[in-house]
Amino acid sequence: MKNSLSRYESLLIFSSDYSPKQLRFLGYYYAKTLREWGASKIHVRYRGKRSLSYNIKGSKIGDYIEIRFNLLPSNLSFYQSLIKLDNHILRSFIRKKTTNIKFVSM
């Protein structure tokens, strides 16, 4: 099953220089781009402002946006390269979500 979608979760940390309206635009820009690459079940969530443990590109506070989506693993590299080239993003994390299966002994 090489053509099956995988579930991913992406956390994007933006500098605190942007208004909530601008952050919403940036979050939906990434969602729209993911949809163009075949993603489905896309959820964008603003996680708020948080203090950073250390300065990143001169910023002490970051705005966090979480994006959850289903995507073909082969298309994930396009998304990663888009994030790396964006100067708005201080840091980003992408992880593959797995289903937790619990086995019950009888």
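Structure: above.
This section reports on the structure supplied with the text. Computed from a predicted structure; not experimentally measured.

## Description of the packing of aromatic side chains
Moving on, step 1. The full count for this structure, using the stated rule, is five aromatic pairs.
Moving on, step 2. Ring geometry for Trp 37 and Phe 78: centres 5.9 Å apart, planes at 35°, overall tilted. Of this pair, Trp 37 sits in the loop between helix 1 (20-36) and strand 2 (40-56) while Phe 78 sits in helix 2 (residues 76-85), placing them 41 residues apart in sequence.
Moving on, step 3. Judged by relative accessible area, which is 25%, Trp 37 ranks as partly exposed.
Moving on, step 4. On the basis of relative accessible area, Phe 78 is assigned to the partly exposed category, the value being 43%.
Moving on, step 5. An aromatic cluster is built from Tyr 8, Tyr 29, Tyr 30, Phe 69 and Tyr 79, whose rings are joined through pairwise contacts.
Moving on, step 6. When the ring centre of Tyr 64 is taken as origin, the NZ or CZ atom of Arg 50, which lies over that ring, is 5.5 Å away.

## Some remarks on the packing of helix 1 against helix 2
Moving on, step 1. Two elements in contact, helix 1 and helix 2, have axes whose closest approach is 11 Å; the angle formed by their N-to-C orientations is 150°. When the axis of helix 1 is compared with that of helix 2, the two are roughly antiparallel. Crossing of helix 1 over helix 2 shows right-handed handedness. Of the residues in helix 2, those in contact with Tyr 29, Tyr 30, Thr 33 and Leu 34 of helix 1 are Tyr 79, Leu 82 and Ile 83.
Moving on, step 2. Split by residue class, the contact of helix 1 with helix 2 holds six nonpolar, one polar and no charged.

## Examining the pairing of strand 1 (residues 6-15)
Moving on, step 1. Counting buried residues along strand 1, eight of its 10 residues qualify, which places the element largely inside the surrounding structure.
Moving on, step 2. The pairing of strand 1 with strand 3 (residues 59-71) spans 10 bridges and is antiparallel. Paired with Leu 11 across the bridge in strand 3 is Glu 66.
Moving on, step 3. Direction of pairing for strand 1 relative to strand 4 (residues 89-96): antiparallel, over a ladder of seven bridges. Bridging from a neighbouring strand, Ser 10 pairs with Ile 94 of strand 4.

## Things to note about the pattern of salt bridges
As a working rule, side chains carrying opposite charge can pair if their charged atoms are close by.
Moving on, step 1. Counted according to the given criterion, the structure contains five salt bridges.
Moving on, step 2. Ionic pairing is found between Lys 97 and Glu 9, a salt bridge with its closest N-O pair at 3.9 Å. Taken together, the residues Lys 97 in the segment after strand 4 and Glu 9 in strand 1 connect sequence positions 88 residues apart.
Moving on, step 3. With relative accessibility at 31%, the residue Lys 97 sits in the partly exposed group.
Moving on, step 4. Note that Glu 66 and Arg 68 form a salt bridge whose closest N and O atoms lie 3.2 Å from each other.
Moving on, step 5. Salt bridges sharing common partners tie together Glu 9, Arg 95 and Lys 97.

## Considering helix 2
Moving on, step 1. Inspection of helix 2 places Leu 76, Tyr 79 and Ile 83 among the buried residues, and these make up the whole buried set. For helix 2, the buried positions fall inside an angular range of 60° around the axis, keeping them on one side. Those residues of helix 2 that are exposed and aimed more than 90 degrees away from the buried face are Lys 84 and Leu 85.
Moving on, step 2. In this fold, the buried residues of helix 2 make contact with strand 1, helix 1, strand 3 and strand 4.

Conventions we followed
Residues numbered from 1 in each chain as written. Predicted model: local features only at pLDDT ≥ 70, side-chain atom pairs only at ≥ 80, totals over all residues. Heavy atoms only, no water. Phe/Tyr/Trp six-rings, centres within 6.5 Å; stacked < 30°, edge-to-face > 60°. Helix = DSSP H or I, 4+ residues; strand = E, 2+ residues; numbered from the N terminus. Buried < 20%, exposed > 50% of the residue type's maximum accessible area, 1.4 Å probe, protein only. Lys NZ or Arg CZ within 6 Å of the ring centre and 35° of its normal. Axes fitted to C-alpha atoms, helices over the stretch in contact; angles between N-to-C directions. Parallel < 35°, antiparallel > 145°, perpendicular 65-115°, else oblique. Left-handed = near helix turned anticlockwise from the far one by under 90°. Contact = heavy atoms within 4.5 Å. Nonpolar A, V, L, I, M, F, W, Y, C, P; charged D, E, K, R; others polar. Pairing = 2+ DSSP bridges. Salt bridge = Lys/Arg side-chain N within 4 Å of Asp/Glu carboxyl O. Arc of directions from axis to C-beta.

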